[in-house]
Amino acid sequence: MTRPGPEYDRYFEGNRANWDERVPIHVASQGYDLPGFLAGTKHLTRIEREEMGDVRGKRLLHLQCHFGMDTLNWARLGATVTGLDLSGAAIEAARDLAARAGIKGSRFVEANVYDAPQALGGETFDVVYTGIGALNWLPDIRAWARSVAACVAPGGVFYIVECHPMLWSLDDKSAGALVVKYPYFETVEPGFVADDAQTYTDGPLLIEAPVSYEWNHGLGETIDALLQAGLHLDFVHEHREVPWQALPWMVPGDDPRTYVLPEGRDRVPLTYSLRASKPA
Ligand SMILES: C[S@@+](CC[C@H](N)C(=O)[O-])C[C@H]1O[C@@H](n2cnc3c(N)ncnc32)[C@H](O)[C@@H]1O
């Protein structure tokens, strides 16, 4: 059983509407840099490329793939990719992007991540991958981990790069100070209800569905959920950089498209990466 109870359906519906409305804004945004992607200059992050290693010939599932840019970047590196996302608009835009980029053989599936094993007909993958800004939309990390583990083939891996729960707990309006405002641990009800009409990229405001529902998950809760689901932990790394200006006083990092806390005040991790494997 990988689906949280029906009491969560209204949150999923709210988030789906919110993401449907964000998709065209993100596709047109400078932040996502579609022209750069089409020209082959908008890559996965350095951490992702180095830690994932060679994906040539591997079957890769990208959960919560948004409009497929990172999914298709893995395809460019040689993986056979499937993307899955809750938002129908995101899936449509992903298929369109694959066609525009001339990337053949990719597949995009509209489904809730909790329903992934059923939506994919029980198919399993060499690599299951999740990128930045995914887990915060999910209420129940244990049920998520069971869904993830069900999609990993024996001998395969799950790899995630994600915002650190420490970052999600910080007050993003507090200038120059690290102030813990939101829950670090998972909560039953959303720990964060946003009605911010400005999405995290440039572009117009959200009008139809500005409200979204988010939950935090402590790093230990996420690791334990994956272990309980039968995966083995290969590594977990905490990082000082994040690929967007999550707090207004962050400064550009050494790597292109990254932000860090100013030197001397970089006292907490901002992202983490983790790999877990399924015994063969
Ligand atoms: C911030 S985006 C992912 C970003 C991705 N790493 C990128 O930068 O393109 C979050 C995605 O999660 C999807 N999502 C949210 N809740 C979901 C759920 N329950 N099941 C599947 N996808 C979900 C949204 O539709 C959205 O496309």
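In this text, all values refer to a predicted model and were calculated from it rather than measured experimentally.

Calculation criteria
Residues numbered from 1 in each chain as written. Predicted model: local features only at pLDDT ≥ 70, side-chain atom pairs only at ≥ 80, totals over all residues. Helix = DSSP H or I, 4+ residues; strand = E, 2+ residues; numbered from the N terminus. Rg over C-alpha atoms; globule rule 2.2 N^0.38 Å. Contact = placed C-beta atoms within 7 Å. Axes fitted to C-alpha atoms, helices over the stretch in contact; angles between N-to-C directions. Left-handed = near helix turned anticlockwise from the far one by under 90°. Buried ≥ 20, exposed ≤ 12 C-beta atoms within 10 Å, placed from the backbone. Pairing = 2+ DSSP bridges. Near = placed C-beta within 6 Å. Nonpolar A, V, L, I, M, F, W, Y, C, P; charged D, E, K, R; others polar. Core = buried A, V, L, I, M, F, W, Y, C linked by C-beta atoms within 7 Å.

1. Concerning the overall build of the chain
Looking only at helices and strands, the chain features nine helices and twelve strands. A globule of 280 residues ought to have a C-alpha radius of gyration of about 19 Å, and the chain, at 18 Å, matches this closely. The principal-axis extent of the C-alpha atoms belonging to the chain is close to 45 × 40 × 40 Å. For the chain, the proportion of contacts with a sequence separation of at least 24, taken over those separated by at least 6, is 73%.

2. Concerning the packing of helix α4 (residues 69–76) against helix α5 (residues 88–101)
Following both chains from N to C, one finds α4 and α5 inclined at 35°, their axes separated by 10 Å at the closest point. Viewed along their axes, α4 and α5 form a crossing whose handedness is right-handed. Counted together, Met69, Thr71 and Leu72 of α4 and Ala94, Leu97, Ala98 and Ala101 of α5 form the full contact between these two elements.

3. As for helix α7 (residues 141–151)
Of all the eleven residues making up α7, nine are buried; the element is thus mostly covered by neighbouring parts of the structure. The inward-facing, buried residues of α7 abut β1 (59–63), α6 (116–119), β4 (125–130), β5 (152–163) and α9 (219–228).

4. Let's talk about the sheet that holds strand β11 (residues 259–260)
Spatially, three strands are ordered β9-β11-β10 in an open sheet, and the strand pairing comes out antiparallel. Strands with a single pairing partner mark the edges of an open sheet, and in this sheet they are β9 (241–242) and β10 (251–252). Direction of pairing for β10 relative to β11: antiparallel, over a ladder of two bridges. Its bridge partner lying in β11, Pro252 is registered against Tyr259.

5. Let's talk about the site of the ligand
Contacts to the ligand come from 19 residues, most closely from Trp19, His66, Leu86, Gly131 and Gly133. When contributions to the shell around the ligand are tallied by element, the ones reaching two or more residues are α1 (9–27) and α4. Residue composition of the shell around the ligand, by class: ten nonpolar, seven polar and two charged.

6. With respect to the nonpolar core
Residues Leu60, Ala94, Val127, Val128, Val148, Val152 and Phe158 are the most contacted members of the largest nonpolar core, which totals 59 residues. In this view, Leu60 contacts Val55, Trp74, Ala79, Thr80, Val81, Phe125, Asp126, Val127 and Tyr129; residues no more than four positions away in its chain are not counted. Formed by seven residues, the second largest nonpolar core is a distinct cluster that contains Leu167, Trp168, Leu170 and Val242.

7. A few points about unusual backbone geometry
Look at Asp33: it is not a glycine, yet its phi comes out positive at around 55°. Given 15 C-beta atoms within a 10 Å radius, Asp33 is considered partly exposed. With a phi close to 60°, Gln64 is a non-glycine residue in the positive phi region. Position of Gln64 among the secondary structure elements: in the loop between β1 and α4. For Gln64, a count of 22 C-beta atoms within 10 Å gives the class buried.

8. Let's talk about the sheet that holds β1
The seven strands lie next to each other as β3-β2-β1-β4-β5-β12-β8, forming an open sheet whose pairing is mixed. Across the chains shown, the open sheet's two edge strands, defined by having one partner strand only, are β3 (107–110) and β8 (232–239). The average undirected angle you get between the axes of adjacent strands in this sheet is 15°. As paired strands, β8 and strand β12 (residues 271–277) are joined by seven bridges and run antiparallel to one another. If you follow His232 over to β12, its bridge partner there is Ser277. Where α7 meets the sheet, it contacts β1, β4 and β5, and its direction lies at approximately 135° from that of β5.

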